[in-house]
Amino acid sequence: MLDLKFLRENLDEVERRLNSRGGTVDLSDFRSLDDKRRALLSEAETLKAERNQVSALIGKTKDKSQVQGEIARMKDVSARIKELDEELRHVEESLKGLMLTLPNLPDEVCPIGKSEEDNLEVSTWGEPTQLGFEPKAHWDIGEDLDIIDFERATKIAGARFSLSKGAGARLERALFNFMLDTHTAEDKYTEVQTPLMVNRDTMTGTGQLPKFEADLFHMDDPDYFLIPTAEVPVTNIFRDEILDGTQLPICYTAHTPCFRKEAGAHGRDTRGLIRQHQFNKVELVKFVRPEDSDAELEKLLADAEGILQALKLPYRVVDLCTGDIGFSAARTFDIEVWLPAQQAYREISSCSNFRDFQARRASIRFRREAGSKPEFVHTLNGSGLAVGRTLVAVLENYQQEDGSVVIPEVLRTYMGGIEKIG
RNA sequence: GGAGAGGUGACCGAGUGGCCGAAGGUGCUCGCCUGGAAAGCGGGUGUACCGCAAGGUACCGAGGGUUCGAAUCCCUCCCUCUCCGCCA
């Protein structure tokens, strides 16, 4: 959520920066709602002040017959207050509803653009893998080695589900264990296990609701949502809390399955593991002081890149343009890994600075020192990494001409020492 | 699923209609004391909104009701805990 006062005082700038995302945001409703709210509030509060004063007087008067006139008058005042409060409630509801649907302001340094076409490549690591033979797509590798079974997963659940087994299942486990072990080394990140089902307040806190309910798996009774990313439960750990500023930054990592409807992705990536309704991901989440968030984003990005470097997988980093950046983010760097079968870089991590946008929604604050005013923290998160897509990258980049797949060195201790599959 | 208890400030906990934004304690913090510390003594210590300001308003789980006036009374909902049942 944006800061109400900042919005009020910088309406044109906010409109310009929000429109750089693509759509056309019209803030004229905001102006009228905000004005109306303040007028109603002012009138209601003046009447309440009077009522409080007169009521206190009535309380002190022993002989109530002397104040019958005041009591009768306050009855009318209370009735009027009730009307105003009712109207105010409606206006505030509309205003809050509007505020919750406004996306974050992209940082001024974000490349201006309409779509992912306009993202800016900021670095590359390694060279696109040269296999010297026609690369197989990971779904063929997986089926040929009998380590991924798409057909039976479809029978069990439906399209966009998969099932790994044997060395495939173990490779997936090796990957997320390696990621967690790396991130938690030297207490860089604290590992957490969280609920995978969450309530509405939690989904609203990070920005999935109210706008993106259609993308979420939902249960009616009780009213729960399956998490689309560990960002949601982990960021909400400190919802409605005031943190001790000396404890910041707080860095968490979590491995969870993620559940997404992929409602708007019909026909895209229909084969293989790239776009699934359920996938594993290791997430990195930080709560930091506002002045540290730029530097912490750099570090978070480096931590995610470190996994790909350890796995020796070629990748590039792109600075997302204003048109491609997510709803809650102010700045995002995507990491894209090289996939030989597609001859393309594909997203494997997204690292974002949300500044105080989520913190304001979820009311996550900190005190610099005992007695000082609470301030909103900045929140950040990034995938470190998407496990399913990392599995894809390993299978495709480490495939051999004979159909086998070599195990990246750093994973071998996790794989019982074997050096290849097949 | 059945029965019961309860939700008050950073934490514990008092408070059954006006003198309650809320006693007391703990914690934190400032000062005194001390060679230094502990103990002791004294002071301070909620958040949000409106307002140029003075100031005002709201908040004792949430929402509604009664009343001139509600943390306190009534209703609905949510959540937590205990016991029983079931269970990885």
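Heads up: these notes are all about the structure in this document. (Residues numbered from 1 in each chain as written. Chains lettered and ligands numbered in written order. Predicted model: local features only at pLDDT ≥ 70, side-chain atom pairs only at ≥ 80, totals over all residues. Heavy atoms only, no water.)

Residues L209 and P210 are joined by a peptide bond in cis, for which omega reads 5 degrees. For P210, the location among the structural elements is in the loop between α8 (200-206) and β4 (218-219). The omega torsion of the bond from L248 to P249 falls at 0 degrees, within 30 degrees of zero and hence cis. Following the sequence through the fold, P249 ends up in the loop between β6 (241-244) and β7 (250-259). Despite not being glycine, D187 shows a phi value in the positive range, around 55 degrees. Residue position: D187 is located in the loop between α7 (167-184) and β2 (190-191). The class of D187 is exposed, set by a relative accessible area of 71%. (Helix = DSSP H or I, 4+ residues; strand = E, 2+ residues; numbered from the N terminus. Buried < 20%, exposed > 50% of the residue type's maximum accessible area, 1.4 Å probe, protein only.)

Turning our attention to the sheet that holds strand β11 (residues 344-355). Reading across the sheet, the eight strands line up as β1-β9-β10-β11-β14-β8-β7-β2 and stay open at both edges, with mixed pairing between neighbours. Every other strand in the sheet has two partners, leaving β1 (120-125) and β2 as the edge strands with one partner each. One ladder, built from seven bridges, connects strand β8 (residues 278-288) with strand β14 (residues 378-386); its direction is antiparallel. In the sheet register, F287 faces β14, and the bridge partner there is T379. Most of the contacts of helix α10 (residues 293-310) go to β14, to which it runs at about 5 degrees, and overall it touches β1, β8, β9 (315-319), β10 (331-339), β11 and β14. (Pairing = 2+ DSSP bridges. Contact = heavy atoms within 4.5 Å. Axes fitted to C-alpha atoms, helices over the stretch in contact; angles between N-to-C directions.)

A few words on the nonpolar core. Formed by 51 residues in total, the largest nonpolar core has its most connected members in L171, L175, L308, L313, I335 and L395. Top element by residues in this core is α7. It accounts for seven residues. Beyond its immediate stretch of four places on either side in the chain, L395 contacts H138, I141, I147, I148, L171 and V405. (Core = buried A, V, L, I, M, F, W, Y, C linked by side-chain atoms within 4.5 Å.)

Here the focus is the sheet that holds strand β3 (residues 197-198). The strands making up a sheet associate through backbone hydrogen bonding, with each pair oriented either parallel or antiparallel. Taken together, three strands build an open sheet; the order of strands is β3-β5-β4 and the sheet is antiparallel. Among the strands making up the open sheet, the edge pair consists of β3 and β4. As paired elements, β4 and strand β5 (residues 224-226) share two bridges and run antiparallel to each other. Its bridge partner being in β5, M219 is matched across the sheet by Y224.

What follows concerns helix α4 (residues 68-101). Here α4 is 34 residues long and its end C-alpha atoms lie 50 Å apart, about the 50 Å a rise of 1.5 Å per residue gives. Those residues of α4 lying buried are M74, V77, I81, L84, L88, V91, L95, L98, M99 and L100. (Expected span 1.5 Å × (residues − 1).)

Now for the pairing of β7. With respect to burial, β7 is a largely interior element, 10 of its 10 residues being buried. Burial along β7 is two-sided: the residues I250, Y252, A254, T256 and C258 and C251, T253, H255, P257 and F259 are all buried. Where β2 meets β7, two bridges bridge the pair, whose relative direction is parallel. The partner of T190 across the bridge, within β7, is Y252. Note that β7 and β8 share 10 bridges and pair antiparallel. Bridging from a neighbouring strand, F259 pairs with Q278 of β8.

Structurally, I250 can be placed in strand β7. The exposure class assigned to I250 is buried, which follows from its relative accessible area of 14%. Once the C-alpha coordinates of I250 and K286 are considered, the two residues, 36 residues apart in sequence, prove to be 5.6 Å apart.

As a further point, take the side chain of R21. Counting through the fold element by element, R21 comes out in the loop between α2 (11-19) and α3 (28-60). Of the buried charged residues, R21 lacks a salt bridge, with D107 as the closest side chain of opposite charge at 8.8 Å. A distance of 3.4 Å separates a polar side-chain atom of R21 from the backbone oxygen of F327. (Lys, Arg positive; Asp, Glu negative; His and termini not counted. Salt bridge = Lys/Arg side-chain N within 4 Å of Asp/Glu carboxyl O. Polar contact = N/O pair within 3.5 Å; in protein donor to acceptor, adjacent residues only side chain to side chain.)

All right, on to the packing of α3 against α4 then. In the contact formed by α3 and α4, the axes pass within 8 Å of each other and the chain directions differ by 150 degrees. Judged by the angle between their axes, α3 and α4 are roughly antiparallel. Where α3 crosses over α4, the two elements pack in a sense that is left-handed. Class assignment of the residues belonging to the contact of α3 with α4 gives a composition of 18 nonpolar, two polar and 14 charged. (Parallel < 35°, antiparallel > 145°, perpendicular 65-115°, else oblique. Left-handed = near helix turned anticlockwise from the far one by under 90°. Nonpolar A, V, L, I, M, F, W, Y, C, P; charged D, E, K, R; others polar.)

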